[in-house]
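Here is how the chains run, residue by residue.
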Amino acid sequence: MRIHCKLLASLLCLGGILVLYLFLGNAEDPPARGTPKPHDLAPTGHGRALPLTPGHFKPVREHQPQKDPSLKKKKRRRGEIKANWPSVRDQELKKRPPIAEEWMHLAVVTCGDRLEETVTMLKSAILFSRKCIKFHIFAEDSLKPEFERKFKEWPSAASRKYQYKIYPITFSVGNAEEWKKLFKPCAAQRLFLSMILKDVDSLLYVDTDVLFLRPLDDIWAFLHQFNDTQLAAMAPEHEIPKIGWYSRFARHPFYGTTGLNSGVMLMNLTRIRMTQFKNNMIPAGLTWEEMLHPLYQKYKNYITWGDQDLLNIIFYFNPENLYVFPCQWNYRPDHCMYGSNCKTAEDEGVSILHGNRGVYHDDKQPAFKAFYEVIRDYPFDGNLYQSMYYPLQTKFLESVHTLCGRIPQVFLKQIEKTMKKLYERRVIVHAGPHSQD
Ligand SMILES: *[C@@H]1O[C@H](CO)[C@@H](O)[C@H](O)[C@H]1NC(C)=O
Ligand SMILES: *[C@@H]1O[C@H](CO)[C@@H](O)[C@H](O)[C@H]1NC(C)=O
């Protein structure tokens, strides 16, 4: 009972702040009569409906924009935009380079019945991201028409944020049937991305059961933090060696003390193609392509999790090539089902949710399932607070009987921030450059 009350209180508190945004964001309804409009917040544009669809945003440049004197002037004149809100260089918007230069690349491999899951993941990527995204979807042939149909259902405003290409499952080295059997059908495909996507410089690979709770731009930014030898980034498989899988059971070398989870993997493909990797087969280095098949042959009787194990072996021998990002970028049931153990998520909230163990489709971890269902069912042109955040809070409250459900601040902090920023961007874009046209 105690815990229910605490949760309710903290959620109500969050909710209270958000009601403010709801009033402003809910353009379909006329402003509530008699409710004084807080004068330091911008109104919803010019009485036009402003559903929170991504197409309504001009993608904004990365990183903290500098203060723009012209925007300040506008603020003062209109007295609309709260002074300490992040500002957008509206001049920058006009002279920014063509969007094509700013594509981010997202790859996923889908087989079997993972179509809905994949589409929900892609949806979360474009809902919150700033720059445009190219989707590289590797799928069984039978899924291709299904994907095409789903994308057609998305509103045109959303289509401006992405392009997609669907590829067949192919394996360029070794025995294709053998690769397909490794772990799950298709899973080994991602080991071949650097060879297939020859003209892509960098790429984020994610499993189908991943959901973005903040702009993809933010994880993309890690690419620029790589030092001269780093060419891929992943999060640890576990935070606590005592209960981690690799530290207890692995019969092969693995990275660090707990191994790596490969469900969210950022790669500089250019570097992967250029690098000679150390290994324990021959003294000289091997390229990625040369190394894969012999490595698989050597370890195939010792590996359990397929491609992820191979990646762990590769980075065991080549630790200087790996950038490790914190667990909030690949947050799994393991981080809360035995008690909260992902420190960075406690501080900053979950940035990328990874519902492995099939938790979106059973009732074992309702905290994870809540996110999946709410994002899946969100109508693109809905109001983010009304059609996403509130249902999410409500569903989340139903999960307090689980250990994961007892830490709403961990799960909800980042997505709440994301929505606030999205809302601000929308207000500024509408109240700013557009009103000048
Ligand atoms: C990837 O690495 C190559 C070679 O070092 C570099 O030229 C390129 O800028 C890198 N890409 C990104 C996005 O950092
Ligand atoms: C890059 O960082 C990794 C991991 O911290 C380290 O092992 C490697 O030596 C660094 N490379 C360079 C060139 O500093």
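Note that the structure is a prediction, hence the values are computed from the model and not measured. (Residues numbered from 1 in each chain as written. Chains lettered and ligands numbered in written order. Predicted model: local features only at pLDDT ≥ 70, side-chain atom pairs only at ≥ 80, totals over all residues. Heavy atoms only, no water.)

Caption draft 1: Examining the site of ligand 2 more closely. Taken together, Asn227, Thr229, Gln230 and Glu320 form the complete shell of residues around ligand 2. Asparagine 227 is positioned such that a nitrogen or oxygen atom in its side chain is 2.3 Å from an oxygen atom of ligand 2. Between ligand 2 and the protein, one listed contact pairs an oxygen atom with a side-chain N or O atom of glutamine 230 at 3.1 Å. For ligand 2, whose unbound accessible area comes to 370 Å², protein coverage reaches 45%. Classifying every residue of the shell around ligand 2 gives no nonpolar, three polar and one charged. (Near = heavy atom within 4 Å. Polar contact = N/O pair within 3.5 Å; in protein donor to acceptor, adjacent residues only side chain to side chain. Areas by Shrake-Rupley, 256 points an atom, 1.4 Å probe, with all protein chains shown as cover. Nonpolar A, V, L, I, M, F, W, Y, C, P; charged D, E, K, R; others polar.)

Caption draft 2: Here's a closer look at the nonpolar core. One finds Leu106, Tyr331 and Phe411 to be the most contacted residues of the largest nonpolar core, which totals 75 residues. Aside from chain neighbours lying at most four places away, what touches leucine 106 is Met121, Leu122, Ala125, Ile133, Lys134, Phe135, His136, Leu203, Leu204, Val206, Phe212 and Leu216. (Core = buried A, V, L, I, M, F, W, Y, C linked by side-chain atoms within 4.5 Å. Buried < 20%, exposed > 50% of the residue type's maximum accessible area, 1.4 Å probe, protein only. Contact = heavy atoms within 4.5 Å.)

Caption draft 3: Region of interest: empty space enclosed by the protein. This model, assessed by the stated rule, comprises three cavities of 30 Å³ or more. Computed from the structure, the largest cavity encloses a volume of approximately 70 Å³. Around the largest cavity, the lining residues are Phe128, Arg130, Arg214, Pro215, Asp218, Gln414, Lys417, Thr418, Lys421, Leu422 and Arg425. With six residues, helix H17 (residues 408–431) is the single largest residue contributor to the lining of the largest cavity. Per-class residue counts for the lining of the largest cavity are three nonpolar, two polar and six charged. Taken domain by domain, the makeup of the lining of the largest cavity includes at least three residues from each of domain 1 (99–325) and domain 2 (333–429). (1 Å grid on protein atoms, 1.4 Å probe; cavity = no way out; pocket = protein on both sides within 12 Å on 5 of 7 lines; lining within 4 Å. Points joined across faces, edges and corners; volume = space filled by probe spheres on them. Helix = DSSP H or I, 4+ residues; strand = E, 2+ residues; numbered from the N terminus. Domains from an automatic or database assignment.)

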